[in-house]
Amino acid sequence: MSEDYKSMWESLGLDLGAHDALLEVLGKGYQDIYLAQKDRPEGMSYFDFVMSEVHGLRIKELMDEKAAGRKVIGSFCVFVPEEIVRAADATFVGLCAGADFATEEVEKLLPRNTCSLIKSAFGFNLGKVCPYIESADMIVGENTCDGKKKSYETLKNLVPNLYVMDLPQMKSDEGKALLKAEYLRFKEAVEKLTSITIDAERLKKGIEIVNNKRKAIHRLAGLRKADPSPISGLDALLANQVFFYDNPVRFTESVNKICDELETRIEKGEGVFPKGTPRILLSGCPMAVPNWKLPWIIETSGAVIVGEESCVGERGTRNLTDDTGNTVEELMEGIVDRYFKVDCAIFTPNPDRLDHIVEMAKTYKADGVIHYGLQFCQPYLMEAMPVEKALEEKNIPCLRIETDYSMEDVGQLKTRVEAFVELIK
Amino acid sequence: MRYAGIDIGSRTIELVVLRDGEIIETKQADSGFDPMAQAKELLDGVKHDRIMATGYGRHLFELSLDAPTVTEIKAYAVGARFLFSDVRTILDIGGQDSKAIVVNDNGRVIKFEMNDRCAAGTGKFLEIMANTLGYSLDQFGVEALKSKRDIQISSMCTVFAESEVTSLVSRGESRQDIAMGLHRSVVRRAASMLKRVCVKEPVLFAGGVARNDCMLHLLQEALKKKILVPKDPQMVGALGAALLAGKKDCYCHGSLPEKA
């Protein structure tokens, strides 16, 4: 990244020394994990560029948008409806982070046995290394798991613009009514922030932008059914991660361009790994940039990842929003319907997720499922057991992994993943 | 053809050489601080046509000698079935980790569990505890079997267990009773890991810790199942690797080069 960004980072209040250190680690990790892969699609060069400029050019774009009067809204969860944000000409960015940072400082505010995802968001904030947090005009927290819910009480003291959205825990009529009430309240908050009244036309446009982004991701996912897989799981994960940061229209075009290339590859029978390489479905907690540890271990152990049952993956992008309504009310109803189907583990009971995992394993012709649970993430770790049981009933092998962002267990994980690959081969 | 298997563990390295399906040579060395140098020394003068590596140091070996590798899990399963053809469950407690492996009727691994991260409940734990009580590793199990009173040791963490032992000693508890309590705590952990994979009989107990009679006794008591222990429990992984080196079509990580 060029020197030009220094003053921008400074004006955002970043700690330049710490930020440089972070970028260095990120760059090195990207080099070792991403650029070291063989036979990547040429279209991935777009994502290489995005990643190299993730704290540079992209932030400059956000700054330019802000200068033009547009707002930036940050979120930690796929339950925050991006359609509403886009309808108010605001920019939506994901704030979840995938690396340990300033852990000592974090542990002054949060218990040690808090999951890495939450700690990381705090660490990036306390360490003043995340330009996305600093540039956000509104940060949306949401009541999903207890860890996030309670940590927002603390985060409220650290950021000036936290908005907390309540979420249901059961898929009942009452739950849906709560979601609807919360989305209407959020719409009002966004309207107030942006001074824009969201009418039906705007909402339709917002839905269209986000649906197009999802359609491109669905197309990418569909191409991974091929054997040999035309794209690595790491690269597909990256596309799903960048989903949360990039300009949505440009993102959609770039993913579609890669899909064109992948279709040609499939026609020629070309892939990133040989035909017959064991195929893995990853299921569980979301993986935010730069949390590439487990996919990297899997794809350097003789297997290829063919799908992600995750918020950063199919759970987050699964259904399109119905855009056939003509009034704000009808369109909002479509948004509520779409998000209410998200099968997050905070819901109880949550049988849809088990069905989706089995269905995805079949659709993507996975030989086995690796369930990834973040240490201390109760909802997903608890569900890991019924997931394993449901898969075993269908004779689909399952390996349950519990880990965090640290690298100390890489050796152990490698042995377990390799042994699992030997088992499914 | 001579096929060799080398198991580079955290504490020891084992080497097995097979000719026409028979073990013709076994060797062992400490892993020390430079396991690759130790492994090379162990191989010095050992004739073999093909070699396969397993264990914690397998990737180092793969890089340095361009040998194919296999995980300890598959290696132990294959080695165990060679020794006892009807084995269905394998418990391996090694220096730094422990594993429970279940195979189907054909010997294929169908499920496994491994301890994560720390060395709680492994050979290393027993070694440090023996040391704390002033026993040699060989004495440790023998003395524990002489215990007359049950003592509960609740800490599985090596560091906490050490201070727990110290406080039991200062309370005047006998060394033998404390030793028994420590063995029991390791067996509790191993048994729960075995139960997670659904133990099927017969069970084979392998790895260095299988040499400890007290462990075997307690494990039999906890599982109420028939438990087999091979003559050389530490060699099972290297044996499995040697057997796999002899199979051309076997799936493993890396290539299977023919040695001149």
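Residues numbered from 1 in each chain as written. Chains lettered and ligands numbered in written order. Predicted model: local features only at pLDDT ≥ 70, side-chain atom pairs only at ≥ 80, totals over all residues.

**Here we look at the overall build of chain B**
Heads up, the condition is: By the criteria applied, helices consist of DSSP H or I runs no shorter than four residues and strands consist of E runs no shorter than two, each listed in order from the N terminus. All radius of gyration figures rest on C-alpha atoms, and the globule criterion is 2.2 Å times the number of residues raised to 0.38. Labels follow a simple rule on C-beta atoms placed from the backbone: if 20 or more others lie within 10 Å of a residue's own, it is buried; if 12 or fewer, it is exposed; otherwise it is partly exposed. Throughout, a pair of residues is in contact if the C-beta atoms placed from their backbones lie within 7 Å.
The number of helices and strands found in chain B is 9 helices and 9 strands. Taken over the C-alpha trace, chain B has a radius of gyration of 19 Å; the compact-globule value for 260 residues is 18 Å, and the two agree within 12%. Its C-alpha atoms put chain B at 65 × 40 × 30 Å along the principal axes. Put simply, chain B has 260 residues, and 48% of those count as buried. Taking contacts inside chain B between residues at least 6 apart in sequence as the whole, the part at least 24 apart equals 70%.

**A closer look at the interface of chain A and chain B**
We apply this condition: Just so you know the grouping, Ala, Val, Leu, Ile, Met, Phe, Trp, Tyr, Cys and Pro go in nonpolar, Asp, Glu, Lys and Arg go in charged, and all remaining residues, Gly too, go in polar.
Contact residues are listed per partner, giving 11 residues for chain A and 12 residues for chain B. Its residues assigned to classes, the side of chain A that touches chain B comprises 2 nonpolar, 4 polar and 5 charged.

**As for the sheet that holds strand β6 (residues 98-103) of chain B**
All names here are of chain B. Keep this limit in mind: Any two strands with at least two DSSP bridges between them are considered paired.
Spatially, the 5 strands line up as an open sheet ordered β7-β6-β5-β8-β9, and their pairing is mixed. Only two strands of the sheet have a single neighbouring strand rather than two, namely β7 (109-114) and β9 (227-228). Across 2 bridges, the pairing between strand β8 (residues 203-206) and β9 is parallel. Paired with L204 across the bridge in β9 is L228.

**With respect to the sheet that holds strand β3 (residues 138-142) of chain A**
All names here are of chain A. Threshold: Lines are fitted to the C-alpha atoms to define the axes, a helix being fitted only along its stretch in contact, and any angle between axes, read from their N-to-C directions, falls within 0 to 180 degrees.
On the basis of which strands lie adjacent, the open sheet formed by 4 strands has the order β2-β1-β3-β4 and parallel pairing. Edge positions in the sheet fall to β2 (91-94) and β4 (162-165), since each has one partner strand and no second. Pairs of neighbouring strands in the sheet enclose a mean axial angle of 25 degrees, with direction left out of account. Relative to β2, strand β1 (residues 72-75) runs parallel, the two sharing 4 bridges. Looking at the pairing, V72 lines up with T91 of β2.

**Topic: the domain arrangement of chain B**
All names here are of chain B. The condition is simple: By convention here, the domain bounds are inherited from an automatic or database domain assignment.
Partitioning chain B into structural domains gives domain 1 (1-84 + 232-260) and domain 2 (88-229). Taking only C-alpha atoms, the centre of domain 1 and the centre of domain 2 are 26 Å apart. With 16 residues of domain 1 at the interface, the matching set in domain 2 holds 22 residues. Looking at the side of domain 1 that touches domain 2 element by element, the count peaks at 7 residues for helix α3 (residues 72-83). Taken together, the residues of the side of domain 1 that touches domain 2 break down into 8 nonpolar, 4 polar and 4 charged.

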